[in-house]
Amino acid sequence: MLFYRLLFSLAFPLLLIRAAAEALRSRSLAPLSERLGLVPAAKDPTIWLHAASVGEVTSVRPLIDRLLTADPALRLHVTVNTATARSLAAGWNDARIRVAFAPLDHRLALARFLARTRPLACITAESELWPNRLAALHDRRIPVILVSARLSERSARRWALFREVADQLLGPIAYLSPQDTASADRFSAIGINPARIGPVLALKALAAASPTATDAVLPFQRPFTLLAASTHEGEDAVILDAYLAAHAHQPALRLIIAPRHPARRDGIEALILARSVAFATRSRGQPAVPETQVYLADTIGEMPLWYAASGMTFVGGSLVPKGGHTPFEPAAAGSVILSGPDVANFAAPFAALRAADAMTPVTDAATLAAALADLADPGLQRRRATAARAALAPFAPREALNPLLVAIAAATGRPALAPARERPFPSD
């Protein structure tokens, strides 16, 4: 722990410079002041909820809705790590939710942040485990709850090397809902009390998008529209080449590219221009017309539109080593799923999809082009979509949030947060 604090102190000036640069780009002091813990003081009972990036922010929304509905006096301080995630959460426009960048993992920044927010508990989504943050929360007796927590084999091996530190940091965790059974086993192996590990909870399955009418947005035929969802650098060129190869045989085919990070817009536009393809860019206010072949959907918070407009969805982050993104949203929208080989972040759902023959694996432009030729069939799309929903249904049982809500109610001393029939102690 001492070694980590020394390393972080040495890196602290660089992190400050990075935050200052982000503040200059955004023309706002928020990236710097919030990283230093300079946030408004909380006046009402508050829970600190941390969701690192866009995927986590989207996934925690059902939990947030349940908490605020159950306890109208409660307030949430939601922290994130990226500007894109901050914009998405701020777009909720809910006066009961304050959104900010997460404080740096420095003792002074954390002390300032915790003194101002005075949280009843800290709820963290997925895999954010910061040593100084955990220690600060433990010192102040603030319960830590990990939601839809994921622990990879690699991370588990690292924690195992520092078992004494792991026991010190992870011991105070009051409750953990694992994302899958493998993560549950790994958390138990590194020292978390099994009695504090709850049922598997895949938040992203609960947050899956519902179909939305999009006729006014895109003049494309849904069965012949491919969405490249949450793409990363290194994937767009492959997808464009596959699209062009398939388009040569199916002229009605259209492509929507929705990058994971909208700031990559200029680079993606350059790739499209190099291929002489007619395109339009959402953030530039350019409308899609029937002749538009590629639509660059580089905005925040509109992904449900693109899922509902597309008969086929390529899940980004899977052709490059990023672990892949959610298959739950395209499945919920009835869009056929294609994916590259790296789906480590959603290994169990993708295994279920493969077993049900409800997704198509691809490895490069050639295999993706061949898959597009096969899948541009409305009947096949309907059959695959039905199979995908059935395969993923067990990951989002109707009452999946209830054990977590009971744990939050117990940790915060606010019984109203638990479902009435499962409250851990009597309400006032």
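No experiment lies behind these values; they were computed from the predicted model shown.

Engineer: What's the story with the overall build of the protein in this structure? I'm lost.
Structural biologist: The secondary structure content of the protein amounts to 19 helices and 13 strands. Taken against the 2.2 N^0.38 rule, which gives 22 Å for 428 residues, the C-alpha radius of gyration of the protein at 22 Å falls within 12% of a compact globule. The dimensions of the protein, computed from C-alpha atoms along their principal axes, are 65 × 50 × 45 Å. Burial statistics for the protein: of 428 residues in total, 53% are counted as buried. Residue pairs in contact within the protein that sit at least 24 positions apart in sequence constitute 67% of those at least 6 positions apart. As displayed, the protein has an accessible area near 18,800 Å², and 56% of this comes from carbon and sulfur atoms. Of the side chains in the protein, 45 bear a positive and 35 a negative charge, and the two mean positions are spaced by 6 Å.

Engineer: Hey, could you run me through the pattern of salt bridges in this one?
Structural biologist: Oppositely charged side chains are able to pair whenever their charged atoms sit close together. Summed over the entire model, instances satisfying the criterion amount to 16 salt bridges. Linking Arg75 and Asp44 is a salt bridge whose minimum nitrogen-to-oxygen distance equals 3.8 Å. Pair noted here: Arg75 is in strand 2 (residues 75-80) and Asp44 is in the loop between helix 2 (30-35) and strand 1 (46-50), with a separation of 31 residues, a long-range link. Judged by its relative accessible area of 37%, Asp44 falls in the partly exposed class. With its nearest N and O atoms 2.8 Å apart, the salt bridge here joins Arg264 to Asp236. With a gap of 28 residues between them, Arg264 in the loop between strand 8 (254-259) and helix 13 (265-274) and Asp236 in helix 12 (residues 236-247) connect regions that are remote in the sequence. The pair formed by Arg264 and Asp236 is uniform in burial state, with each residue classed as buried. A network of salt bridges, in which partner residues are shared, links Arg265, Asp266, Glu269 and Arg284.

Engineer: So what exactly am I meant to see when it comes to the nonpolar core here?
Structural biologist: A general trend in soluble globular proteins is that nonpolar side chains are found buried together. Ranked by internal contacts, the top residues of the largest apolar core, which has 38 residues, are Leu63, Ile64, Leu67, Ile123, Leu404 and Ile408. Element by element, the count of residues in this core is highest for helix 19 (residues 402-412), at 6 residues. Residues Ala135, Ala136, Ala166 and Leu176 belong to the second largest nonpolar core, which totals 29 residues.

Engineer: Explain helix 6 (residues 107-117) here, please?
Structural biologist: Three or four residues apart is the spacing at which side chains of an α-helix point the same way, because the helix has 3.6 residues per turn. Where helix 6 is concerned, the buried positions are Ala109, Leu110, Phe113, Leu114 and Thr117. Along the long axis of helix 6, the arc covered by the buried residues comes to 125 degrees, so they all point the same way. Opposite the packed face of helix 6, turned more than 90 degrees from it, sit the exposed residues Leu108 and Ala115. Just downstream of helix 6 lies Arg118, where phi reads positive at about 45 degrees.

Rules used throughout
Residues numbered from 1 in each chain as written. Predicted model: local features only at pLDDT ≥ 70, side-chain atom pairs only at ≥ 80, totals over all residues. Heavy atoms only, no water. Helix = DSSP H or I, 4+ residues; strand = E, 2+ residues; numbered from the N terminus. Rg over C-alpha atoms; globule rule 2.2 N^0.38 Å. Buried < 20%, exposed > 50% of the residue type's maximum accessible area, 1.4 Å probe, protein only. Contact = heavy atoms within 4.5 Å. Areas by Shrake-Rupley, 256 points an atom, 1.4 Å probe, with all protein chains shown as cover. Lys, Arg positive; Asp, Glu negative; His and termini not counted. Charge placed at Lys NZ, Arg CZ, Asp CG, Glu CD. Salt bridge = Lys/Arg side-chain N within 4 Å of Asp/Glu carboxyl O. Core = buried A, V, L, I, M, F, W, Y, C linked by side-chain atoms within 4.5 Å. Arc of directions from axis to C-beta.

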